[in-house]
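One-letter residues, chain by chain:
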Amino acid sequence: MPLSSDADIARVLARTRSIALIGASADPARPSHRVARFLIEEGYEVHPVNPALAGQQLHGCEVRATLADIPVAVDMVDVFRQPQFLADIVEQAAEVGIDIVWTQLGVVNAAAALAAEASGLEVVMDRCPAIELPRLRQLGLL
């Protein structure tokens, strides 16, 4: 069952320091572009992932082709991909030792969430950290 309580989501955000952002876009009109910038401004270490942009810079960060290409440990993967790709992303996250899978608004895949949890990963689904961080601060949870 994906995490849904404000306290659990605040705990995840508070303990996270580095985020792999899958589906990163160089297009300023795309939500993944804006959220990446927001997370960097919030002090998170962001590792953009997009095979089409691999080797380029996005907000001063090198874009990687896959999670396995990130040369440092990552706490959380933030997914901006269609739900049908989530099962593979969960598998890759588990393989590289990422313990939190966060999916953006509209990215819902119950089977992938169950597989993530069975692998020991925590899951936050169908939420945006750029919405949750300010909201949870206002509630006094962050």
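Right above here is the structure, for reference.
On a predicted model such as this, the values are computed, not experimentally measured, just so you know.

Cut-offs applied
- Residues numbered from 1 in each chain as written.
- Predicted model: local features only at pLDDT ≥ 70, side-chain atom pairs only at ≥ 80, totals over all residues.
- Heavy atoms only, no water.
- Helix = DSSP H or I, 4+ residues; strand = E, 2+ residues; numbered from the N terminus.
- Rg over C-alpha atoms; globule rule 2.2 N^0.38 Å.
- Phe/Tyr/Trp six-rings, centres within 6.5 Å; stacked < 30°, edge-to-face > 60°.
- Lys NZ or Arg CZ within 6 Å of the ring centre and 35° of its normal.
- Buried < 20%, exposed > 50% of the residue type's maximum accessible area, 1.4 Å probe, protein only.
- Arc of directions from axis to C-beta.
- Contact = heavy atoms within 4.5 Å.
- Polar contact = N/O pair within 3.5 Å; in protein donor to acceptor, adjacent residues only side chain to side chain.
- Axes fitted to C-alpha atoms, helices over the stretch in contact; angles between N-to-C directions.
- Parallel < 35°, antiparallel > 145°, perpendicular 65-115°, else oblique.
- Nonpolar A, V, L, I, M, F, W, Y, C, P; charged D, E, K, R; others polar.
- Pairing = 2+ DSSP bridges.

### A short note on the overall build of the protein
When you go through the protein residue by residue, the secondary structure sums to five helices and seven strands. Each helix and strand of the protein, ordered N terminal to C terminal, gives the series α-β-α-β-β-β-β-α-β-α-β-α. Computed over the C-alpha atoms, the radius of gyration of the protein is 14 Å, within 12% of the 14 Å expected from 2.2 N^0.38 for a compact globule of 142 residues. Along the longest, intermediate and shortest principal axes, the C-alpha atoms of the protein span 35 × 30 × 25 Å.

### Describing the packing of aromatic side chains
Counting across every chain of the model gives zero aromatic pairs. Over the face of the ring belonging to Phe85 we find Arg81, whose NZ or CZ atom lies 4.0 Å from the ring centre.

### A few points about helix 4 (residues 110–118)
Each full turn of the α-helix corresponds to 3.6 residues, which orients residues three or four apart in the same direction. Inspection of helix 4 places Ala112, Ala113 and Ala116 among the buried residues, and these make up the whole buried set. Here the buried residues of helix 4 occupy an arc of 100 degrees about the axis, which is enough to place them on one side. When the buried face of helix 4 is taken as reference, the exposed residues oriented beyond 90 degrees from it are Ala110, Ala111, Leu114 and Ala118. Buried residues belonging to helix 4 abut helix 3 (86–96) and strand 7 (122–124). Where helix 4 begins, one side-chain oxygen reaches toward the backbone nitrogen of Ala111, 3.2 Å away; that side chain belongs to Asn109.

### Things to note about the packing of helix 1 (residues 6–15) against helix 5 (residues 129–138)
Where helix 1 meets helix 5, the closest approach of the two axes is 11 Å, and the angle between their N-to-C directions is 110 degrees. Between helix 1 and helix 5, the interaxial angle falls into the category roughly perpendicular. For the pair helix 1 and helix 5, contact is made by Asp6, Ile9, Ala10 and Leu13 and by Pro129, Glu132, Leu133, Arg135 and Leu136, respectively. Class assignment of the residues belonging to the contact of helix 1 with helix 5 gives a composition of six nonpolar, no polar and three charged.

### Overview of unusual backbone geometry
Positive phi values are uncommon outside glycine, yet His59 reaches one of about 55 degrees. Along the chain, the position of His59 falls in the loop between strand 3 (57–58) and strand 4 (61–62). Phi at Asp126 is positive, roughly 65 degrees, even though this residue is not glycine. With respect to the helices, strands and loops of the structure, Asp126 is situated in the loop between strand 7 and helix 5. The partly exposed category is assigned to Asp126, whose relative accessible area is 35%.

### Examining the sheet that holds strand 6 (residues 100–103)
Remark on secondary structure: sheet strands pair via backbone hydrogen bonds, oriented parallel or antiparallel. With respect to topology, five strands assemble into an open sheet ordered 2-1-5-6-7, the strand pairing being parallel. Two strands bound the open sheet, and with one partner strand each, they are strand 2 (45–49) and strand 7. This sheet shows a mean twist of 20 degrees between the axes of neighbouring strands, independent of strand direction. Judged from the four bridges that link them, strand 1 (residues 18–22) and strand 5 (residues 76–79) form a sheet pairing that is parallel. Directly across from Leu21, in strand 5, lies its bridge partner Asp78.

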